[in-house]
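Inside the fold
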Amino acid sequence: MADVAEVPTHSSAWTRGVVHLFASQGVDTDWLLRAANIDPERLKHAHERFTMREVDRMWDLAVGRTGQATLGLDRTIARRHIDFNIAAQAMWSSPDLASGLAVLQKYLHLINDAHAFTLVADRGDRWLVHDHGGDGLSPRQREEFSMFGTLLLLQTVTHHQLRPLVVEFVFPEPASLHPYRMAFHCPLRFGQDANRMKLSRDDLALRVMGAGESLFAIQEQVIEDRLERYGRARTSYRASEEIIRRLHLGEPRREDLARSLGLADSAFERRLKSEGQSFDDLLDGVRRELAEHYLHQEGYTPTRVANLLGWETPTQLAAACKRWFGVATAQYRNQAQ
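It should be emphasised that the depicted structure is a prediction, and the values quoted were computed from it without experimental measurement.

Here we take up the side chain of S200. For S200, the location among the structural elements is in the loop between β7 (196-199) and α9 (201-204). A relative accessible area of 13% means that S200 is categorised as buried. There is a polar contact of 3.1 Å between the side chain of S200 and the backbone nitrogen of D203. Setting aside residues up to four positions removed in sequence, S200 forms contacts with D125 and L165.

Time to look at the environment of I243. The topology assignment puts I243 in helix α11 (residues 234-246). Among the residues examined, I243 registers a relative accessible area of 0% and is labelled buried. Each C-alpha atom of the pair I243 and R253 lies 9.6 Å from the other, and the pair is 10 residues apart in sequence. In this structure I243 touches P252, L257, F279, L282, L283 and V286, once residues within four positions along its chain are discounted.

What follows deals with the confidence of the model for the chain. In this model, the chain carries an average pLDDT of 87, and 93% of its residues clear a pLDDT of 70 or more. Model confidence for the chain, summarised as mean pLDDT per element, is weakest for helix α10 (residues 212-230) at 73 and strongest for strand β5 (residues 166-168) at 98. In the model, residues 1-5 has pLDDT below 50 throughout and makes zero contacts with residues more than four positions away in sequence or in other chains.

This brings us to the pattern of salt bridges. Taken as a whole and assessed by the stated rule, the structure comprises 20 salt bridges. One salt bridge in this structure joins R42 and E54, with 2.8 Å as the shortest N-O distance. One end of the pair, R42, is in the loop between α2 (29-35) and β2 (49-51); the other, E54, is in helix α3 (residues 52-66), and 12 residues separate them in sequence. On the accessibility criterion, E54 (12% relative accessible area) is buried. A salt bridge links K198 to D122; the shortest N-O distance between them is 3.0 Å. On the criterion of sequence distance, the pair formed by K198 in strand β7 and D122 in strand β3 (residues 117-122) is long-range, its members being 76 residues apart. Owing to a relative accessible area of 17%, K198 belongs among the buried residues under this scheme.

This next bit is on the side chain of Q141. Its location among the elements puts Q141 in helix α7 (residues 140-158). Here Q141 falls in the buried class, since its relative accessible area comes to 10%. The contacts of Q141, once residues within four sequence positions are left out, are W59, V63, A69 and L71.

A few words on the sheet that holds β3. With respect to topology, five strands assemble into an open sheet ordered β3-β4-β7-β5-β6, the strand pairing being mixed. Strand pairing shows two members of the sheet lacking a second neighbour, β3 and β6 (188-189), which therefore form its edges.

Quick look at the packing of aromatic side chains now. Per the counting criterion, the structure on display carries 12 aromatic pairs. For the pair F148 and F184, a centre-to-centre distance of 5.7 Å together with 65° between the ring planes defines the contact as edge-to-face. Taken as a pair, F148 in helix α7 and F184 in helix α8 (residues 178-184) lie far apart in primary sequence, 36 residues in all. Note on F148: relative accessible area 0%, which makes it buried. Members of the aromatic cluster, each reached through a chain of ring pairs, are F148, F169, Y180, F184 and F190. Positioned above the aromatic ring of W31, the side-chain terminus of R65 is 3.6 Å from the ring centre.

Once that is clear, we can look at the pairing of β7. Within a regular beta strand, the side chains point alternately toward one face of the sheet and then the other, so they alternate between its two faces. One ladder, built from four bridges, connects strand β4 (residues 125-130) with β7; its direction is antiparallel. Bridge assignment links W127 to a residue of β7, and that residue is K198. Bridge count between β5 and β7: three bridges; the pairing is antiparallel. Across the sheet, the residue bridging to V167 is M197, located in β7.

Before going further, it helps to examine unusual backbone geometry. In this structure, N37 is a non-glycine residue whose phi angle is positive, near 60°. Note on placement: N37 falls in the loop between α2 and β2. Residue class for N37 comes out exposed when judged on its relative accessible area of 63%. Here R123, not a glycine, exhibits a phi torsion of approximately 60°, which is positive. Following the sequence through the fold, R123 ends up in the loop between β3 and β4.

What counts, and where the lines are drawn
Residues numbered from 1 in each chain as written. Predicted model: local features only at pLDDT ≥ 70, side-chain atom pairs only at ≥ 80, totals over all residues. Heavy atoms only, no water. Helix = DSSP H or I, 4+ residues; strand = E, 2+ residues; numbered from the N terminus. Buried < 20%, exposed > 50% of the residue type's maximum accessible area, 1.4 Å probe, protein only. Polar contact = N/O pair within 3.5 Å; in protein donor to acceptor, adjacent residues only side chain to side chain. Contact = heavy atoms within 4.5 Å. pLDDT = per-residue confidence, 0-100. Salt bridge = Lys/Arg side-chain N within 4 Å of Asp/Glu carboxyl O. Pairing = 2+ DSSP bridges. Phe/Tyr/Trp six-rings, centres within 6.5 Å; stacked < 30°, edge-to-face > 60°. Lys NZ or Arg CZ within 6 Å of the ring centre and 35° of its normal.

Below, the structure written as structure tokens:
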């Protein structure tokens, strides 16, 4: 049996977006989840994961119910229901799209590893090759929507109507090409060896734009502050840095953090203890320092701040603010501003 960690999965945010997209096209959500053997409660948890086969079943059911052979390839509907937030945040610190894609590759196992991709150089251009779905077992609509979602993400982070040089699919050519032409606006090839799109060197040089510039500036400031404070407490500093860089992608697990530092979990715990720290204390301290900065920023809603701190709801932020600052979130924000 394959190890669970090796099974490609979709994030809860992505899966919720797909379910809402189906609902917008007349698919009854209760029926869909029941028929796909998925507990509706799982969709309520921000850090829940759904296997690729579970999502495949939902696509098969939704396509059958709607009769739409190109379900998901409508630009307006797709933008309304795809949650780009975490993927875009992972790319915001990059100077250009090429660098942003390299960063996104590293984070996809946290975000949506069923959408993992490989970058293959072709002179100055690059192929973005989707790693899952080329076996022909997944419904074509899921793979085509994945490719389309990737293109919309690239357009979102560059603020540019980026067009691939060509898009290729493993599936046979459909009866009508119009929905594909409207979605991708580029030459299309079907019956190919992989699902992939070719990006030009000019597009790869586009600047990554977005509100994340202030986000990563805050993170760098907190990292610098901790470097001065910890001095020779090397493990505590390195762990703090890892927490700061990962937290907006979800609360990191101690054993994962230890592994990223090249340590066994027990050795990691011992080193922190020798420096007068614990993982829980480090995590709470990082959250407090980041919250102090985030709550000074205009446009950072309680929900967004909570998510940036690795929590699922603003209620968790509110409880922490009471404990840290002795006042509610809104009162602390008013005092800060």
